[in-house]
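What the coordinates show
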Amino acid sequence: MDILNNLLLGFSVACTPENLMYLTLGCVIGTMIGVLPGIGPIATISMMLPLTFTIGPIPSMIMLSGIFYGAQYGGSTTSILLNMPGEMSSTITTVDGYKMTQQGRGGIAIVTAGVVSLIGGIVATILIVVASPPLSEFAFKMGPAEYTILMLLGFISVGVLTTGDMLKGIGICIVGILLGMVGTDTSNGLERFSFNIPDLLDGVGVANLAVGIFGFSEIMKNISNVDQVKVYDGKLSMFPTKQDWIRMIPAGIRGSAIGSFFGLVPGGGATLASYGAYAVEKKVSKYKDELGTGAIEGVAAPEAANNSAAQSGFIPLLCLGIPENAVMALLLGAMYLSGIQPGPGIVTKQPDLFWGLIVSMLIGNIILVILNVPLVRIWIQVLKVPYKVLYPVILAICCMGVYSVNNNPNDILITALFGFLGYLFVELEIEPAPLMLGVILGPMFEEYFRRHMGLYNGEWSSFLDRPISVALLSLLGMVIVYGVYSLCRKKK
Amino acid sequence: MKNQKDFGSGLLFIIVGLFFGLASLRYEMGTLSNMNAGYMPLVLGIALCVLGLFIVIRSFHSEETKANINWKIAFYITGLLVLFVVVFKSVGGIVAAVLLVYTSAYIHKEFNFKKTTYAAIVVVFSVLVFKFLLGSEIPLWIS
């Protein structure tokens with residue numbers, strides 16, 4: 001059985017002492033940054049990119065992935081205990097999670113989050129195992145036309161599905177695409193928008209963007225807010241009752257299914273998945289009336305969803321070479337740095353990387369459940385550090401990290417500029433996530449669009465000639481229709 | 001009856017769209033079937049301007065919303081980061097980092113020198129970690 005052989009290969013790669021060590025390290029770092037406000041997986045992974053040179057492709061991918069889904073786990077802890085989401089994808093967990101804490105059941109909520117995240121991870125893994133080899137082969141049939149529309153789908157989806165204003169979402173995505181054009185043009189080596197500044201020749205820098213827009217801007221925003229974090233000091237019972245178990249499993253499975261789907265959609269991702277799962281619970285769950293008052297489903301569904309979305313996002317990344325969101329894009333960058341070419345055929349060309357990574361994600365989920373449950377008390381202590389002491393440390397470490405990517409101090413200037421802009425975005429209620437998608441997918445989009453138009457001599461109708469292209473176009477049409485529909489509905 | 005947040009957003013989009021659109025005029029456009037460097041940025045710049053204009057107009061017909069931009073903090077922190085780079089290049093990483101810690105902590109309402117010193121110690125430690133464990137080429141002290 002092919003799948004069995006592949007999984008065995010995966011285990012043999014993932015279970016070497018070296019890889020297990022990096023996996024654990026990734027999970028711990030991930031959980032920690034998930035718990036800490038103001039620093040997230042995007043910033044951290046950016047700062048650790050240079051490491052991929054030193055430790056090698058497979059261990060670094062395992063570790064960086066561990067950081068990513070570890071952060072999902074960590075984010076839930078603060079959502080539940082402090083009503084403060086450590087990660088965007090855990091925002092909705094605050095609703096029922098914090099209520100559970102107030103009812104003395106905070107520990108149970110955390111255990112729930114851990115267990116259902118494991119379920120989410122398993123469901124996503126099954127999906128990856130089953131879907132990737134055929135998808136990988138299917139991807140060979142995709143040409144420039146299909147890729148162009150797929151990316152356009154991503155841009156529009158992220159604007160439409162974003163939690164904020166749709167028009168602003170699309171606008172900021174376009175800003176991102178334009179920023180992505182700064183630097184040397186991929187196909188003809190022409191430099192654009194670098195204005196004779198040598199530091200801009202390679203582009204603005206994804207790490208600079210990420211740290212600036214997500215890190216520095218958040219610090220600027222939080223300085224003025226008064227420290228009002230009340231850490232829960234009461235008893236933390238950690239053992240769910242039988243009734244709890246019976247209720248969390250179905251919600252977890254539903255959440256996992258939704259999450260796996262959202263992870264695949266361009267522009268989707270963990271945050272959207274968690275909202276979607278909660279919305280479905282409200283309609284479908286036996287206990288829907290309890291949602292909002294501390295129902296365990298309110299924690300189980302979104303947490304399962306965000307974890308499975310995080311992991312299923314690896315499918316388009318590995319099989320098509322297309323990142324669905326900013327974190328995936330960074331991982332793509334890390335792979336290029338290590339000389340790995342994700343995309344069609346990776347399952348056959350680099351089976352040890354592919355299956356090793358998949359299995360390590362499964363093991364990582366288990367490690368995280370084991371880590372988080374007993375370590376909750378330690379994370380609480382970390383959170384007791386007053387913000388006024390924390391943010392200068394984060395600021396300084398981020399500067400060091402940004403410098404370390406290229407050993408160029410001017411990168412920090414670029415990051416500072418984006419920090420300033422990012423702060424403006426926050427106060428103007430512009431969602432920054434589409435910008436990252438634009439920066440990363442923009443150059444690819446332009447490249448494929450150019451190539452296609454070159455092949456078909458500028459004929460617009462050529463997009464309708466190919467079946468896959470037509471299918472994707474209809475999907476795009478549906479998203480646009482949905483977008484316009486929600487715009488009109490909001491106005492009424 | 002102005003939605004300040006939307007007005008600001010639209011204005012921002014118009015400025016960025018104009019910036020890239022005008023900048024793209026310095027490059028060759030090419031044709032649709034043979035696009036050159038300036039084509040896409042110009043198209044996108046125009047699209048962004050149009051979108052921004054639409055958002056600005058829309059902001060006049062929305063409910064009153066104020067934008068709470070704390071320019072003082074924004075410029076202060078950004079300025080500190082620039083200072084950091086200057087000090088980093090002239091004196092070295094450790095001094096720059098410590099200076100950043102104290103100056104950035106200073107602006108907080110409840111600034112406490114002693115507690116900030118703990119932060120400074122943690123930061124010095126992490127600079128060393130970056131240099132010696134992660135292989136970053138941080139100049140610790142420039143004489």
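Everything here concerns the structure above.
Residues numbered from 1 in each chain as written. Chains lettered and ligands numbered in written order. Predicted model: local features only at pLDDT ≥ 70, side-chain atom pairs only at ≥ 80, totals over all residues. Heavy atoms only, no water.

Turning our attention to the pattern of salt bridges. The full count for this structure, using the stated rule, is twelve salt bridges over all chains. In this structure, Arg466 of chain A engages Glu146 of chain A in a salt bridge whose closest nitrogen and oxygen atoms are separated by 2.8 Å. Of the two residues, Arg466 of chain A is situated in the loop between helix 20 (433-455) and helix 21 (467-491) and Glu146 of chain A in helix 8 (residues 144-161); the sequence distance between them amounts to 320 residues. Across the pair Arg254 of chain A and Glu281 of chain A runs a salt bridge, and its minimum N-O distance is 2.6 Å. In this pair, Arg254 of chain A is assigned in helix 11 (residues 242-264) and Glu281 of chain A in helix 12 (residues 270-284), connecting sequence segments 27 residues apart. One network of salt bridges, with partners in common, ties together Asp165 and Lys168 of chain A together with Asp6 and Arg58 of chain B. (Salt bridge = Lys/Arg side-chain N within 4 Å of Asp/Glu carboxyl O. Helix = DSSP H or I, 4+ residues; strand = E, 2+ residues; numbered from the N terminus.)

Let us look at empty space enclosed by the protein. Residue and element names in this part refer to chain A. In the structure shown here, the tally under the stated rule is one cavity of 30 Å³ or more. If you trace the largest cavity, you find it lined by Tyr73, Ser76, Thr77, Ile80, Ile110, Ala113, Gly114, Ser117, Glu303 and Asn372. Secondary-structure elements contributing two or more residues to the lining of the largest cavity are helix 5 (57-82) and helix 7 (106-138). Residues belonging to the lining of the largest cavity are distributed by class as follows: four nonpolar, five polar and one charged. (1 Å grid on protein atoms, 1.4 Å probe; cavity = no way out; pocket = protein on both sides within 12 Å on 5 of 7 lines; lining within 4 Å. Points joined across faces, edges and corners; volume = space filled by probe spheres on them. Nonpolar A, V, L, I, M, F, W, Y, C, P; charged D, E, K, R; others polar.)

Before going further, it helps to spend a moment on the layout of surface pockets. All names here are of chain A. Approximately 1,600 Å³ is the volume found for the second largest pocket. Along its surface, the second largest pocket is lined by 50 residues, and Asp202, Gly203, Val206, Gly333 and Tyr336 are the ones closest to its centre. Those elements that place two or more of their residues in the lining of the second largest pocket are helix 9 (166-180), strand 1 (183-184), helix 10 (206-223), helix 15 (326-337), helix 18 (387-406), helix 19 (410-427) and helix 20. If one sorts the elements of the lining of the second largest pocket by residue count, helix 20 sits on top with nine residues. Residues of the lining of the second largest pocket, tallied by class, amount to 28 nonpolar, 13 polar and nine charged.

Quick look at the side chain of Asp165 of chain A now. Among the structural elements, Asp165 of chain A can be located in the loop between helix 8 and helix 9. The class of Asp165 of chain A is buried, set by a relative accessible area of 14%. Engagement of the side chain of Asp165 of chain A in a polar contact is seen with the backbone nitrogen of Leu167 of chain A, the distance being 3.0 Å. Side chain to side chain, Asp165 of chain A and Arg58 of chain B meet in a polar contact 2.4 Å long. Dropping the residues within four chain positions of it, Asp165 of chain A is found in contact with Asp6 and Arg58 of chain B. (Buried < 20%, exposed > 50% of the residue type's maximum accessible area, 1.4 Å probe, protein only. Polar contact = N/O pair within 3.5 Å; in protein donor to acceptor, adjacent residues only side chain to side chain. Contact = heavy atoms within 4.5 Å.)

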